[in-house]
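# Structural overview
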Amino acid sequence: MNVAIFASGNGSNAQKIIEHFSGNTHIKIALVLSNKKDAFVIQRAKKLNIPSVTFTAADLRNTKFVQDKLEEYKIGFIVLAGFMIMVPDSLITKYPGRIVNIHPALLPKYGGKGMYGDNVHKAVVAAKERESGITIHYVNESYDEGKIIFQARCEVKESDTPETLAAKIHELEHRFYPEVIERVITEEI
Ligand code: GRF
């Protein structure tokens, strides 16, 4: 199974996923795609010897560029890891039940429009929530509303700031995302 990772930024999750599957004989991270040509994830991919391509939001929406790349690399499963733009319906239709995303909160809370990156942690801290966590879910046509596959929780202390909470959430993401992806591909695909 060839897997593509879509990421827009730092790419720490992408790196953990790539490392997790290196040496796996059944599942291969075959391509990293980003809508930001300066994203650090591209440098990480280069260092880890994974091919990467960049594209614009308009390429994704209006052309077959991304789909052609996915075909070229025989991609059968897509992982979103900090990918900041909406996946077009055309791609969702092409990969039914084969696209997963990670959200840095306990959906259905703190999901939807505007709830990405640090905005999520700011909102959780501002609401004085006592717990947050991660949600790994399938991607469908609506923001953050696909079927939930896995959640993990962490405590939010009164002393937590959006930054300290982000660090806790990243730890959970790194610990669980690679193994949940492996389970989904192995058991359900
Ligand atoms: C993660 O917190 C993920 O949940 C969110 O974007 C962040 C990406 O982090 N969607 P990184 O680029 O993998 O370091």
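First, a word on what this report is: a plain description of the structure on this page. (Residues numbered from 1 in each chain as written. Predicted model: local features only at pLDDT ≥ 70, side-chain atom pairs only at ≥ 80, totals over all residues. Heavy atoms only, no water.)

This next bit is on the site of the ligand. Taken together, Asn10, Gly11, Ser12, Asn13, Gly82, Ile102, Pro104, His170 and Glu173 form the complete shell of residues around the ligand. Between glycine 11 and the ligand, the recorded distance is 2.7 Å, taken from a backbone N or O atom to an oxygen atom. Between the ligand and serine 12 there is a distance of 2.5 Å, counted from an oxygen atom to a side-chain nitrogen or oxygen. When the ligand sits alone it has 370 Å² of accessible area, and the protein chains cover 87% of it. Elements supplying a minimum of two residues to the shell around the ligand: helix 1 (12-21) and helix 7 (162-188). (Near = heavy atom within 4 Å. Polar contact = N/O pair within 3.5 Å; in protein donor to acceptor, adjacent residues only side chain to side chain. Areas by Shrake-Rupley, 256 points an atom, 1.4 Å probe, with all protein chains shown as cover. Helix = DSSP H or I, 4+ residues; strand = E, 2+ residues; numbered from the N terminus.)

This paragraph deals with the sheet that holds strand 2 (residues 28-34). Spatial strand order, 3-2-1-4-5-6-7: seven strands in an open sheet with mixed pairing. Taken across any chain shown, the strands that pair with only one partner, and hence form the sheet edges, are strand 3 (52-54) and strand 7 (148-155). Along the sheet, successive strands turn relative to each other by an average axial angle of 20 degrees, direction set aside. (Pairing = 2+ DSSP bridges. Axes fitted to C-alpha atoms, helices over the stretch in contact; angles between N-to-C directions.)

Before going further, it helps to examine the side chain of serine 132. Mapping serine 132 onto the fold places it in strand 6 (residues 131-138). For serine 132, a relative accessible area of 2% puts it in the buried group. For serine 132, the residues in contact, after removing those within four places along its chain, are Pro104, Ala105, Leu106, Val124, Ala152, Arg153, Cys154, Val156, Leu165 and Ile169. (Buried < 20%, exposed > 50% of the residue type's maximum accessible area, 1.4 Å probe, protein only. Contact = heavy atoms within 4.5 Å.)

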